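Report on the structure
The primary structure of each chain is shown beneath.
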Amino acid sequence: MFIQSKLLRSPHGFCTRKGGVSTLEHTKSLNLAFGRGDDDQTVIQNLEILAKHAGFDPHSVISLPQIHSDTIYKVGKADAGQGYYIREKIRSGDGYITNERGVTLGVKAADCVPILFE
């Protein structure tokens, strides 16, 4: 379901597409993105499955829409849920940082390579 490096001290993981409940041919099984054909509840259920296995609160995730820019935001607990549970009037950008514990940063990648700095 997710892969972790033993070289990094910070909690992290890179998801695979296995272990979720999506059933559409192009999204099965662990689709974590809205707008790909799964209904919203299926995407949320996949997030909650991942959170349970990876050990984080799904409501702590911040996953902002990515727009191929140089826009980076500092985020914290006040932003938790944006991109999944809060989807109206959220910021768009291509990176974020936090120094607060209990905040989970979520990045979706397709044709771009995600980078994790510790």
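The structure under discussion appears in the preceding block.
Keep in mind that what you see is a predicted model, and the values were worked out from it rather than measured.

Here's the deal with unusual backbone geometry
Between Lys28 and Ser29 the backbone carries a cis peptide bond, its omega angle lying at 5°. Within the secondary structure, Ser29 is located in the loop between strand S2 (14-15) and helix H1 (40-54). Even without being glycine, His68 reaches a positive phi, approximately 55°. Among the structural elements, His68 can be located in the loop between strand S3 (61-62) and strand S4 (72-74). Of note in this structure, Lys89 is not a glycine but carries a positive phi near 55°.

Some thoughts on the nonpolar core
Within the largest apolar cluster, 9 residues are counted, these being Leu30, Leu32, Phe34, Val43, Ile44, Leu47, Leu50, Val61 and Tyr84. Among the elements that take part in this core, H1 stands out by supplying 4 residues, more than any other. The contacts of Phe34, once residues within four sequence positions are left out, are Asp40, Val43, Ile44, Gly83, Tyr84 and Arg87. Counting 5 residues, the second largest nonpolar core, distinct from the first, contains Ile62, Val75, Tyr96 and Val103.

Calculation criteria
Residues numbered from 1 in each chain as written. Predicted model: local features only at pLDDT ≥ 70, side-chain atom pairs only at ≥ 80, totals over all residues. Heavy atoms only, no water. Helix = DSSP H or I, 4+ residues; strand = E, 2+ residues; numbered from the N terminus. Core = buried A, V, L, I, M, F, W, Y, C linked by side-chain atoms within 4.5 Å. Buried < 20%, exposed > 50% of the residue type's maximum accessible area, 1.4 Å probe, protein only. Contact = heavy atoms within 4.5 Å.

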